[in-house]
Amino acid sequence: MAGEDAAGAGEIGVGDCSIKTIMPSPVAASQLDVKAAEPRRKPFYASLWAQVLIAMALALVLGYFSPARAVAMKPLGDAFIRLITMIITILIFCTVVTGIAGMQDLKKVGRVGGKALLYFEIVSTIALAIGLIVGNTVRPGIGFNVNAATLDAKAVADYAGQAKTQNATEFLMHIIPTTVTDAFAKGDILQVVLVSILFGFALSSAGTRAKPLVGLLESLTQVVFRVVNILMIFAPIGAFGAMAFTIGKYGFASLGPLVKLIATFWITSILFVLLVLGAIAALAGFNILKFLLYIKEEILLVLATSSSETALPTLMEKLEKLGCSRSLVGLVVPTGYTFNTDGSSLYMTLAALFVAQATNTHLTLLQQLTILSVATLTSKGASGVQGASFIALVATLSVIPTIPVAGMALILGIDRFMSMFRGLVNMIGNGVATLVVARWENELGRDALRNGLA
């Protein structure tokens, strides 16, 4: 047998024949091992964001060509929203409690909460002011010349009945639930956060005696996130049902005379995210466009369902993966759903001016500033639940008697289209806020955050 050692090649003699073999070199072998170890990338159609996008496209087609059948798809969207809402309170409880219980420095909880509330108040007030400025500049309601007496006040009556302008004391009292179980039964996120913080502090102060319970809650948290992952399998179906209903029920034709208001709000929302939140993100050390790509599944879900709550569980999970601590995510994100409603703030002042302009109601500067100041409180109740912002706007207008509340009937039919971007800006704003507070607390390094988003 004759052989030669040339880059792993050799000959094996068998009788009169010789078979030339190519043996992989050590370098080539290591490259093969690396390739074998790399996870196979999912095809385009297997990713969640692509499935949701396809579902939305199919819903648009069905809603346009067969409105009646599209409206019948509503239970699919409602069922998915209820499935997600079902798990939110227990997810927040587990996340906040285990996060605080595992903290070495309990002062950090108060510090994080204080920084988050300060950030929320500043940014949401900026959003309210921008809505007021855009409303006075673009003036989307001019030219309607609507006589308020001819409007159907009954259409707004149900919302007016739910609307109630709270003072600061009433708002703070509402945070305290009647019983612990009542907070979970009603699904009030802010009440659940309060209960969770108290339990977290109690477990932390109990020391080693509470370790078995903390361990149990940590295991329960993992199970709850697995439940969320299971529910997200049905996200495309829920997105299809919700979007099909919206197009089938209201249709593109219903946008007609109000297209200027919708376009104004959508463009303002996009610019707010790119410019205002983009500037905040840049100061915090990350790129807003990369963050939007990172949460693209959540963006599509909110657009399809018109509710920011559907994205809350997965948004929290993704922020933890970026390096934010569980306790910080558990405090900032759920609290932000009540206090950091940037999209709702933009909508409320812009829509209030639209109703005044459409009914030829002149507003003085003092009255506009009154709307701004009242909206800073009423907007805090406009959480991720669909329609909450509309109710909050009715409550806001009720303090300015010269504006006919019946004028809200003008925008009732397009509220679903408005709520798409309201919820979207709310959700993005809460994600940005969490990263900003995490950077503020030195939990995240600039390079680590950029690498995570890349």
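Residues numbered from 1 in each chain as written. Predicted model: local features only at pLDDT ≥ 70, side-chain atom pairs only at ≥ 80, totals over all residues. Heavy atoms only, no water.

**Brief notes about helix H5 (residues 107–138)**
1) Next: With 32 residues, H5 ought to run about 46 Å at 1.5 Å a step, and its terminal C-alpha atoms sit 47 Å apart, in line with that.
2) Next: The first or second residue beyond H5 is Arg139, which carries a positive phi of 50°. (Helix = DSSP H or I, 4+ residues; strand = E, 2+ residues; numbered from the N terminus. Expected span 1.5 Å × (residues − 1).)

**Details of helix H15 (residues 312–321)**
1) Next: Burial within H15 is extensive, with eight of its ten residues counted as buried.
2) Next: All of the buried residues along H15 are Leu312, Pro313, Thr314, Leu315, Met316, Glu317, Lys318 and Leu319.
3) Next: Note on H15: the residue one or two positions beyond its end, Gly323, has a positive phi of about 120°. (Buried < 20%, exposed > 50% of the residue type's maximum accessible area, 1.4 Å probe, protein only.)

**Comments concerning the pattern of salt bridges**
1) Next: A full pass over the atoms with the stated rule returns six salt bridges.
2) Next: Ionic pairing is found between Lys318 and Glu297, a salt bridge with its closest N-O pair at 2.6 Å. Placement of Lys318 in helix H15 and of Glu297 in helix H14 (residues 296–305) is noted, with a sequence separation of 21 residues between them. Accessibility assignment for this pair places Lys318 and Glu297 in one class, buried.
3) Next: Via salt bridges that share partners, Arg111, Lys115 and Glu441 belong to a single interconnected network. (Salt bridge = Lys/Arg side-chain N within 4 Å of Asp/Glu carboxyl O.)

**A look at the nonpolar core**
1) Next: Membership of the largest hydrophobic core comes to 128 residues, with the highest contact counts inside it found for Ile411, Met427 and Ile428.
2) Next: By residue number, the principal contributor to this core is helix H21 (residues 415–440), which donates 14 residues. (Core = buried A, V, L, I, M, F, W, Y, C linked by side-chain atoms within 4.5 Å.)

**Here's the deal with the packing of aromatic side chains**
1) Next: According to the stated counting rule, one finds seven aromatic pairs in the structure shown.
2) Next: Each ring, one from Phe93 and one from Phe184, has its centre 5.6 Å from the other, and the planes form 75°; the classification is edge-to-face. Taken as a pair, Phe93 in helix H4 (residues 74–101) and Phe184 in helix H8 (residues 180–186) lie far apart in primary sequence, 91 residues in all.
3) Next: Residue Phe93 is classed as buried on the basis of its relative accessible area, which comes to 12%. (Phe/Tyr/Trp six-rings, centres within 6.5 Å; stacked < 30°, edge-to-face > 60°.)

**Quick notes on the environment of Ile100**
1) Next: Within the fold, Ile100 resides in helix H4.
2) Next: Judged by its relative accessible area of 0%, Ile100 falls in the buried class.
3) Next: Distance from Ile100 to Gly330, taken between C-alpha atoms, is 9.1 Å for residues 230 residues apart in sequence.

**A few points about the packing of helix H2 (residues 48–65) against H14**
1) Next: The interhelical angle for the contact between H2 and H14, taken along N-to-C directions, is 25°, at an axis separation of 8 Å. Taken together, H2 and H14 sit at an angle that is classed as roughly parallel. Relative to H14, the crossing made by H2 is left-handed. From H2, Leu48, Trp49, Val52, Leu53 and Met56 reach across to H14, where they touch Lys296, Glu297, Leu300, Leu301, Leu303 and Ala304.
2) Next: The residue makeup of the contact of H2 with H14, split by class, is nine nonpolar, no polar and two charged. (Axes fitted to C-alpha atoms, helices over the stretch in contact; angles between N-to-C directions. Parallel < 35°, antiparallel > 145°, perpendicular 65-115°, else oblique. Left-handed = near helix turned anticlockwise from the far one by under 90°. Contact = heavy atoms within 4.5 Å. Nonpolar A, V, L, I, M, F, W, Y, C, P; charged D, E, K, R; others polar.)

**Structural notes on unusual backbone geometry**
The bulk of non-glycine residues show a negative phi, and the bulk of peptide bonds are trans.
1) Next: Positive phi is not limited to glycine here, since Ser306 has a value of about 60°.
2) Next: In this structure, Ser306 sits in the loop between H14 and H15.
3) Next: Given a relative accessible area of 3%, Ser306 falls into the buried group.
4) Next: The backbone phi angle of Asn360 is positive, close to 55°, even though this residue is not glycine.

**With respect to the packing of helix H11 (residues 235–250) against H14**
1) Next: H14 packs onto H11 with a crossing angle of 35° between their chain directions and a minimal axis gap of 8 Å. In contact with Ala235, Ala239, Ala242 and Met243 of H11, H14 contributes Leu301, Leu303, Ala304 and Thr305.

**Regarding the side chain of Glu298**
1) Next: Among the secondary structure elements, Glu298 is positioned in helix H14.
2) Next: Here Lys318 takes part through its side chain, which lies 3.0 Å from a polar atom of the side chain of Glu298.
3) Next: Discounting residues that sit within four places of it in the chain, Glu298 has contacts with Ala311, Thr314, Leu315, Lys318 and Met427. (Polar contact = N/O pair within 3.5 Å; in protein donor to acceptor, adjacent residues only side chain to side chain.)

**Examining the confidence of the model for the chain**
1) Next: On average, residues of the chain score 79 in pLDDT, and 81% of them reach the 70 mark or higher.
2) Next: Within the model, pLDDT remains below 50 along residues 1–23, and this stretch shows 26 contacts once partners closer than five positions in the same chain are excluded.
3) Next: pLDDT under 50 marks residues 27–38. Its contacts with residues more than four places away, or in other chains, come to zero contacts. (pLDDT = per-residue confidence, 0-100.)

**Comments concerning the environment of Val333**
1) Next: In this structure, Val333 sits in helix H16 (residues 326–339).
2) Next: On the accessibility criterion, Val333 (0% relative accessible area) is buried.
3) Next: With 94 residues separating them along the chain, Val333 and Met427 place their C-alpha atoms 8.9 Å apart.
4) Next: Here Val333 is in contact with Leu312, Leu315, Met316, Leu319, Asn430 and Thr434, once residues within four sequence places are set aside.

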